[in-house]
Amino acid sequence: QRIIRALKSGDNAEAVSIFYDNIDTTSEKESLTKNLEKFLVNLKDDFDAGEIDYHETKSKLNTILTFNLEDLSLKIAEMLDYIDNSNEACVSFEDAERADNNGDYEKAIELYKSVPQNSSYYDVAQERLKEIMREYKGKILTAASAYADDDNYGMAVEKLKEASVVIEDDNEIQNKLSEYS
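Note that this is a predicted model, so its numbers are computed, not measured.

A.B. asks: Got a minute to help me understand unusual backbone geometry in this structure?
C.D. replies: A positive phi angle, near 55°, is found at Asn68, a position not held by glycine. Secondary-structure assignment places Asn68 in the loop between helix H4 (54-65) and helix H5 (70-101). Among the residues examined, Asn68 registers a relative accessible area of 62% and is labelled exposed. For Asp151, which is not glycine, the phi torsion reads 60° and is therefore positive. Note on placement: Asp151 falls in the loop between helix H7 (122-149) and helix H8 (153-166).

A.B. asks: Help me out: how do you make sense of the nonpolar core in this one?
C.D. replies: Generally speaking, nonpolar side chains in soluble globular proteins are found buried as a group. With 26 residues, the main nonpolar core has Ile109, Tyr112, Ile132, Tyr136, Leu160, Ile173 and Tyr180 as its most contacted residues. Contributing elements (two or more residues each) for this core: H5, helix H6 (105-113), H7, H8 and helix H9 (171-180). Per-element tally for this core: the top contributor is H7, with eight residues. Excluding its chain neighbours within four sequence positions, the residues that come into contact with Ile109 are Leu129, Ile132, Met133, Tyr136 and Val166. Residues Phe19, Phe39, Phe47 and Ile76 belong to the second largest nonpolar core, which totals 25 residues.

A.B. asks: Can you help me understand H8 in this one?
C.D. replies: Structural remark: α-helix, 3.6 residues per turn; residues separated by three or four positions point the same way. An ideal rise of 1.5 Å per residue puts 20 Å on 14 residues; H8 measures up with 20 Å between its terminal C-alpha atoms. Of all the positions in H8, only Ala156, Val157, Leu160, Ala163, Ser164 and Val166 are classed as buried. Those residues of H8 hidden inside the fold are in contact with H6, H7 and H9.

A.B. asks: In this structure, what is going on with the environment of Ser164? I would like to understand it.
C.D. replies: Relative to the assigned elements, Ser164 resides in helix H8. Looking at Ser164, the relative accessible area reads 17%, which means it is buried. For the pair Ser164 and Lys139, spaced 25 residues apart in sequence, the C-alpha to C-alpha distance is 13 Å. Beyond its immediate sequence surroundings of up to four residues, Ser164 is in contact with Ile173 and Gln174. Looking at Ser164, its side chain comes within polar contact range of the main-chain oxygen of Lys161, at 2.8 Å.

A.B. asks: How should I be thinking about the packing of aromatic side chains in this particular structure?
C.D. replies: Remark: the centre distance and the inter-plane angle together describe each pair of aromatic rings, the angle taken between the planes. One pass over the full model with this rule turns up seven aromatic pairs. Seen from their ring centres, Phe19 and Tyr20 are 4.9 Å apart, and the 90° between their planes marks the pair as edge-to-face. On the basis of relative accessible area, Tyr20 is assigned to the partly exposed category, the value being 46%. What links up through ring pairs into an aromatic cluster is the set Phe19, Tyr20 and Phe67. Lying across the ring of Tyr82, Lys44 places its NZ or CZ 4.3 Å from the centre.

Criteria and thresholds
Residues numbered from 1 in each chain as written. Predicted model: local features only at pLDDT ≥ 70, side-chain atom pairs only at ≥ 80, totals over all residues. Heavy atoms only, no water. Helix = DSSP H or I, 4+ residues; strand = E, 2+ residues; numbered from the N terminus. Buried < 20%, exposed > 50% of the residue type's maximum accessible area, 1.4 Å probe, protein only. Core = buried A, V, L, I, M, F, W, Y, C linked by side-chain atoms within 4.5 Å. Contact = heavy atoms within 4.5 Å. Expected span 1.5 Å × (residues − 1). Polar contact = N/O pair within 3.5 Å; in protein donor to acceptor, adjacent residues only side chain to side chain. Phe/Tyr/Trp six-rings, centres within 6.5 Å; stacked < 30°, edge-to-face > 60°. Lys NZ or Arg CZ within 6 Å of the ring centre and 35° of its normal.

And the structure:
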């Protein structure tokens, strides 16, 4: 229990010290493993609720890994993957919002698309993705039309080709591209 208290308080060095100074027998390791399994469930719940951040969660998991408890290795590896993926989703979403706020449609679209489906950010990212794709498409079609009106079909086609990479398989963009080519 002292190890769990040390981990909860963020004193990972103390948890390691207690482990190596006091946990010797197989039964002590088995008891600790059971307590750590419960701790891991709570740690994941706290992480998901935003009560503990990515770096602190990762630090606690890496500390537990140093105990070399075989029964926990797979669970910890899975949890490390889970928090890494969650952190990447958060970073992608924040970067997408920043690009969106700066008017960088192409980058924002790319980043919103990269938010994983299992992320808590996914639904919001998809909503915003639809909105900015509509805005971006409107901007591109307007620009291409203006270029075509000035008989500058080369620039109109160039803009539409750029857009067709960002917004794949869009019939309206493809039709205008065919019309101006």
